[in-house]
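Architecture at a glance
Here are the chains, one letter per residue:
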Amino acid sequence: MKIADTEELVAELSHALGGFWEDFTGVRPTNVQVVAGERAIAILVTEVLSPAEQQMVSSQTGRKMLQEFGERVMEQARPQLQHLVEQALEERTNLVEVHLEVANRSVLGFFRLE
């Protein structure tokens with residue numbers, strides 16, 4: 001990743017990740033933050049739950065059920081997220097971790113550049 005292109009790349013990747021989440025789940029996140037290091041990328045996608053899911057989070061049972069469902073959703077999203085980041089960077093990556101935190105209504109992911 002070229003340092004000169006980092007700011008533009010971060011903006012493009014943020015936009016692409018927001019669009020991906022909306023297409024994948026039907027929910028447009030309110031904010032997508034991307035932090036690019038020399039050999040790593042971190043993403044934080046916030047407000048990723050639908051209004052119905054937000055209601056579920058208010059109870060312990062609903063939060064647990066939604067967290068379990070969210071883990072399955074994230075497993076399905078992993079290959080697509082990795083592909084999206086690789087296309088934007090034009091470089092191979094390894095999606096080290098991606099996690100949906102229902103209580104915070106956010107997704108956190110870490111990519112390592114190969």
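Reference entry: report on the structure contained in this document. (Residues numbered from 1 in each chain as written. Predicted model: local features only at pLDDT ≥ 70, side-chain atom pairs only at ≥ 80, totals over all residues. Heavy atoms only, no water.)

This part is about the overall build of the chain. From N to C terminus, the chain includes 3 helices and 4 strands. Counted from the first residue to the last, the chain has its helices and strands arranged as α-β-β-α-α-β-β. Buried residues in the chain amount to 39% of all 114 residues. Expressed as a percentage of contacts within the chain between residues at least 6 apart in sequence, the contacts between residues at least 24 apart total 48%. Surface summary for the chain: the accessible area is close to 6,900 Å², and the carbon and sulfur share equals 51%. (Helix = DSSP H or I, 4+ residues; strand = E, 2+ residues; numbered from the N terminus. Buried < 20%, exposed > 50% of the residue type's maximum accessible area, 1.4 Å probe, protein only. Contact = heavy atoms within 4.5 Å. Areas by Shrake-Rupley, 256 points an atom, 1.4 Å probe, with all protein chains shown as cover.)

When strand 3 (residues 93-101) meets strand 4 (residues 106-113), the two strands line up antiparallel, connected through 8 bridges. Residue pairing across strands places Leu95 opposite Phe111, the latter belonging to strand 4. Remark: 4 residues form the turn of the hairpin made by strand 3 and strand 4, two consecutive strands paired antiparallel; Arg105 in that turn has positive phi of roughly 55°. (Pairing = 2+ DSSP bridges.)

Let us look at helix 3 (residues 60-89). The sharpest bend along helix 3 reaches about 40° and sits at Ala77, with the proline Pro79 one to four residues further on. Along helix 3, the residues classified as buried are Gly62, Leu66, Gln67, Gly70, Val73, Met74, Ala77, Leu81, Leu84, Val85, Glu86 and Leu89. Each element contacted by the buried residues of helix 3 is listed here: helix 1 (6-25), strand 2 (40-46), helix 2 (51-56), strand 3 and strand 4. Looking at the residues trailing helix 3, positive phi occurs at Glu90, about 55°. (Bend = angle between axes of the 7 residues up to and from the residue.)

Further remarks concern helix 1. Between its first and last C-alpha atoms helix 1 spans 28 Å; for 20 residues at 1.5 Å apiece the expected length is 28 Å, and the two agree. One or two residues past the end of helix 1 sits Gly26, with phi positive at roughly 85°. (Expected span 1.5 Å × (residues − 1).)

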